[in-house]
Amino acid sequence: MPTPRDRQARVATWAAFFVQGLCFATLLTHVTDLQRRFELSDGDLTLVLLLVPVIAGVGSAAAGFLAARYGSALVLRISQLAVCVIVVLLGWNGGLTGLYLLSAAFGLAVGAVDATMNMQAVAVERTYGMSVLTGFHAVWSVGSMLGAGANSAFSALGVDLGWSFTVPVVIGAVISLAMLPRLYGREEERATAQAVETAAARVPWRPIIPLCLAMAFLYVGDAAVSNYSTVYMEGALAATGWLVPFAYFAYQAAMLLARIPGDLAVRRYGPAPVVRLGAVAAALGLLGVVVAPGPLVAVVSFGLVGVGLSIIAPQSFSAAGRLGAGAETAIARVNLFNYVGFVVGAAAVGTINDLVNVRVAFIPAAVLVVLIVFLARGFQPRAAEVAARQG
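Residues numbered from 1 in each chain as written. Predicted model: local features only at pLDDT ≥ 70, side-chain atom pairs only at ≥ 80, totals over all residues. Heavy atoms only, no water.

Caption draft 1: Representation of the packing of aromatic side chains in the model. Under the criterion given, the structure shown has eleven aromatic pairs. Plain terms: the ring middles of Trp 92 and Trp 163 are 5.3 Å apart, the flat faces sit at 90° to each other, and that makes the pair edge-to-face. Of this pair, Trp 92 sits in helix H4 (residues 72–92) while Trp 163 sits in helix H7 (residues 161–179), placing them 71 residues apart in sequence. In this structure Trp 163 comes out as partly exposed when scored by relative accessible area, which is 48%. Ring centres of Tyr 232 and Phe 302 lie 5.5 Å apart, and the angle between their planes is 85°; this geometry places the pair in the edge-to-face category. In this pair, Tyr 232 sits in helix H9 (residues 209–235) while Phe 302 sits in helix H13 (residues 295–309), placing the two residues 70 residues apart along the sequence. Tyr 232 gets classed as buried once you look at its relative accessible area, which sits at 0%. The structure contains a cluster of three or more aromatic residues connected by ring pairs, namely Phe 24, Trp 140, Tyr 219 and Phe 342. If you follow Arg 10 out to its NZ or CZ, it ends over the ring of Tyr 128, 4.6 Å from the centre. (Phe/Tyr/Trp six-rings, centres within 6.5 Å; stacked < 30°, edge-to-face > 60°. Helix = DSSP H or I, 4+ residues; strand = E, 2+ residues; numbered from the N terminus. Buried < 20%, exposed > 50% of the residue type's maximum accessible area, 1.4 Å probe, protein only. Lys NZ or Arg CZ within 6 Å of the ring centre and 35° of its normal.)

Caption draft 2: Inspection of the packing of helix H5 (residues 96–128) against helix H14 (residues 312–321) at higher detail. For the pair H5 and H14, the least separation of the axes is 10 Å and the interaxial angle reads 65°. The angle between H5 and H14 falls in the class roughly perpendicular. Considering the relative orientation of H5 and H14, their crossing is right-handed. On the side of H5, the interface is formed by Asn 118, Val 122, Glu 125 and Arg 126, while H14 contributes Phe 317, Ser 318 and Gly 321. Taken together, the residues that form the contact of H5 with H14 break down as two nonpolar, three polar and two charged. (Axes fitted to C-alpha atoms, helices over the stretch in contact; angles between N-to-C directions. Parallel < 35°, antiparallel > 145°, perpendicular 65-115°, else oblique. Left-handed = near helix turned anticlockwise from the far one by under 90°. Contact = heavy atoms within 4.5 Å. Nonpolar A, V, L, I, M, F, W, Y, C, P; charged D, E, K, R; others polar.)

Caption draft 3: Looking closely at the environment of Gly 345. Position of Gly 345 among the secondary structure elements: in helix H15 (residues 327–355). Since its relative accessible area comes to 1%, Gly 345 is described here as buried. Between the C-alpha atom of Gly 345 and that of Leu 218, which follows or precedes it by 127 residues, the distance is 9.4 Å.

Caption draft 4: Main features of the environment of Leu 96. Relative to the helices and strands, Leu 96 resides in helix H5. For Leu 96, a relative accessible area of 40% corresponds to the partly exposed category. Discounting residues that sit within four places of it in the chain, Leu 96 has contacts with Phe 38 and Leu 40.

Caption draft 5: Looking closely at a nonpolar patch on the surface. A contiguous nonpolar surface patch, about 610 Å² in accessible area, is contributed by Trp 92, Leu 157, Val 159, Trp 163, Val 167 and Ile 171. Sorting elements by how many residues they give to the nonpolar patch places H7 first, with three residues. Its location among the elements puts Val 167 in helix H7. (Patch = residues over 30% accessible without salt bridge, like charges linked within 9 Å, V, L, I, M, F, W, Y side chains within 5 Å. Areas by Shrake-Rupley, 256 points an atom, 1.4 Å probe, with all protein chains shown as cover. Salt bridge = Lys/Arg side-chain N within 4 Å of Asp/Glu carboxyl O.)

Caption draft 6: Layout of the confidence of the model for the chain. In the predicted model, the chain carries a mean pLDDT of 88, and 93% of its residues have values of at least 70. Taken element by element, the predicted model of the chain shows its lowest mean pLDDT in helix H17 (residues 383–390) (43) and its highest in H4 (97). Within the model, pLDDT remains below 50 along residues 195–201, and this stretch shows 13 contacts once partners closer than five positions in the same chain are excluded. Counted against residues more than four places away or in other chains, residues 383–391, with its pLDDT under 50, gives three contacts. (pLDDT = per-residue confidence, 0-100.)

Written out as C-alpha cells, the structure reads:
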C-alpha cells in the first residue's frame, strides 16, 4: 500500500517529467528561429539536430553508471538544472560556435535526465504495484504542450527570442528546485526493486531487444515530428506566424489526451495489444502528414501520430523495470535507443528533405513505426511475473 512518502515521490517525479517536457518543447519549437538567426542551411540544421541525440546517448549511459552508485535522484537533480540553464543560454547566444557547444551540452544533460527520471518513475510504479508509468509521460506532454503553446503566444505578441526561451524555462527551473528534493533517495529506490528481484544482477540483452528496437523505431517517428514539424509547416504548407509551432502543440496535446487513460488501458488489456494499436495509429498519422493538402489535415495527422506513439515509450521503460536487479542498467539501455532512433530519424528526414522534399521525408518513419506491431509481444509480462503479482 503506497504511503504518504510514496505519494510525495510520485509528485516529485511528475515535476521532473513536466520540466523536461517544458524545456524540450521550448527548444524544439524554436528550431526554425535558430536556423534563421544563424543562417543555417538545411544540411547545417541536420548536423545540429544530429549532435544532440548522439551526445545524449553518452549522457544516458553515464547516468546509468552514476545512478547505480549514487542513486538516480542526485543525478536527476543536477542534470535537470543543467538543462534549464543551457536552454536559457541558447536563447541569448549569438555565436555559431556557442550554438554547437551548447547543443552538445544540452544533449549530455538531457540524456541524463531522460534516463534518471524514468528510473524514478519505475521505482514509483513498483511501489504502487500497477501500471502508473504512462501517467508520468502524460505530465511530460503537459509540459511540452505548454512549451509549444508559449512559443505560439510569444510569436504572436512579437516577444524577443531570448525572452521566449527564458520565461518558461525559468519557471521550470523553480519547479525543479522546489520539488526534486522529494524524489526517492538511493536506498529507497533500491528497496522498491525487492518485489521483482531476480537471481542475478547481470542484465541480459535478449529480453530487452524488442523494447530497444521499439524505442528506436518510435523515436524515428518522434524525431521526424519534433525536428521537422515546423520546417514542414513552413516549407510544405507555407504556414506563418503562430501556426508554425501549432503542429507540434497538436502532437503533444493529442499525446497527452491519449496518455491520461493509458494506464487504465494497459491494466485492462495488457501492454502488448495497446502498443500494437498505437503503432498502427501512428503510422496512419505519418502517412496523413505525407499527403495533407493543407494545415488542418496536417495538424490532425500530427495529432494522430501523437495518439499512436503516446503509450510505447512508457511501456518500454515499464517492461525494462520489471527485470528487477540491474533495472537501472536495463532502463539506461532502453533509453539509449531513444537517441539511436532520434539520430536515425533526424538524419533520414534531413537527408530526404535535402534531396527530395519534406513530405517524402516522413515515409521512412511510417514504415519503421509499423514494425513495432511485430515487436509488441516483448512488452507482455511473463507468466511468472503475472503469477507473482496475483499471488
